[in-house]
Amino acid sequence: MTPKEINSKLVIPSSDSASPVKTEEAAFIYNFIKERELKKTLEVGFAYAKSASHIIAATESAHIACDPFQDHYQNLGLENIKTLGLDGLLDFRNDFSHNVLPELLKQEKLFEFIFIDGDHKFDGELIDFYYADLLLEENGFVLLHDTWMRSTALVSAFIKTNRKNYKEIPTGLRNLALYQKVGKDERDGMHFKEFYTLKSILSHYGILYMSSGETNWLKRTLMKIKDWIK
Ligand SMILES: C[S@@+](CC[C@H](N)C(=O)[O-])C[C@H]1O[C@@H](n2cnc3c(N)ncnc32)[C@H](O)[C@@H]1O
């Protein structure tokens, strides 16, 4: 099944177009996995199953996805997977990643590709990365979504500065950050490198301002400039 066929069948409410990965991001995930013939995959954050459907179609293998809020999405993710005939390959865990990932670790499961797109608060996302690292095979890949968010930008900066056994893989897409685990973690107990970045602070406070309170002339002007730049 191709991304085009998948997208023609996915049901995603137009009122919530911000939740799923963008079509070009889903196509990137599909092609990346297919080209490397990756099979063992795990995902945090399922929503309407846009990323999950592309992952399963690319691997044609079992895929584990966790999300405790499928009912907030009218169970459309599970419905979409069924419509696409991929339900036989989905192992869906209706639970928080902080419960599911340690359980998989205890069962000594290992993965080649882990997609983190669940809780976007900094601490939740860092914990997802912490477990993803332990669950990744050597040479496996971890992909973060929503690098426009300050939280994701900082988790990404942490990996780049503190985790020398991770190599950044360019995606050509500004909202995805991809890393390959290329060796063992050799840090000693005292290891720490500052990872605070100035990048994205402006956009973070800009978005907070734009999405808070009543609209006004400044917000309307900024929106016009944004549309104009697009
Ligand atoms: C941006 S959406 C995921 C979109 C999905 N990857 C796609 O492309 O279709 C984020 C999802 O993460 C889920 N989520 C939030 N906190 C979570 C957690 N702690 N563990 C697992 N999933 C979580 C939400 O319920 C939501 O469905």
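Thresholds, definitions, all that
- Residues numbered from 1 in each chain as written.
- Predicted model: local features only at pLDDT ≥ 70, side-chain atom pairs only at ≥ 80, totals over all residues.
- Helix = DSSP H or I, 4+ residues; strand = E, 2+ residues; numbered from the N terminus.
- Buried ≥ 20, exposed ≤ 12 C-beta atoms within 10 Å, placed from the backbone.
- Right-handed = clockwise from strand over helix to strand, strands pointing away.
- Pairing = 2+ DSSP bridges.
- Near = placed C-beta within 6 Å.
- Nonpolar A, V, L, I, M, F, W, Y, C, P; charged D, E, K, R; others polar.
- Axes fitted to C-alpha atoms, helices over the stretch in contact; angles between N-to-C directions.
- Parallel < 35°, antiparallel > 145°, perpendicular 65-115°, else oblique.
- Left-handed = near helix turned anticlockwise from the far one by under 90°.
- Contact = placed C-beta atoms within 7 Å.

## What to know about unusual backbone geometry
Then step 1. In the Ramachandran plot, alanine 47 falls in the positive-phi region, its phi being about 45° despite a non-glycine side chain.
Then step 2. Secondary-structure assignment places alanine 47 in the loop between β1 (41-44) and α3 (50-59).
Then step 3. Positive phi, close to 55°, is recorded for glutamate 60, a residue that is not glycine.
Then step 4. Tracing the backbone through its elements, the reader meets glutamate 60 in the loop between α3 and β2 (63-66).

## Brief notes about the pairing of β1
Then step 1. The alternating pattern of β1 places Thr41 and Glu43 on one face and Leu42 and Val44 on the opposite face, and all of these are buried.
Then step 2. Following the backbone out of β1, through α3 and into the adjacent parallel β2, one traces a crossover that is right-handed.
Then step 3. Relative to strand β4 (residues 111-116), β1 is paired through four bridges, and the arrangement is parallel. Opposite glutamate 43, over in β4, you have phenylalanine 115 as the bridge partner.

## Here we look at the site of the ligand
Then step 1. Every one of the 21 residues lining the ligand counts as a neighbour, but Gly45, Ala47, Lys50, Phe69 and Gly118 are closest to it.
Then step 2. Split by residue class, the shell around the ligand holds 11 nonpolar, six polar and four charged.

## Some points on the sheet that holds strand β5 (residues 136-145)
Each strand in a sheet pairs with another by means of backbone hydrogen bonds, the pair being arranged parallel or else antiparallel.
Then step 1. Pairing is mixed across the open sheet formed by seven strands, whose spatial order is β3-β2-β1-β4-β5-β7-β6. Two strands bound the open sheet, and with one partner strand each, they are β3 (90-93) and β6 (166-169). Ignoring strand direction, the axes of neighbouring strands in this sheet form an average angle of 20°.

## Section: the packing of helix α5 (residues 97-106) against helix α6 (residues 122-135)
Then step 1. Viewed as axis vectors pointing N to C, α5 and α6 meet at an angle of 15°, and their least axial separation amounts to 10 Å. Between α5 and α6, the interaxial angle falls into the category roughly parallel. Here the hand of the crossing between α5 and α6 comes out left-handed. From α5, Ser97, His98, Leu101, Pro102, Leu104 and Leu105 reach across to α6, where they touch Ile127, Asp128, Tyr131, Leu134 and Leu135.
Then step 2. A class-by-class count of the residues in the contact of α5 with α6 yields eight nonpolar, two polar and one charged.

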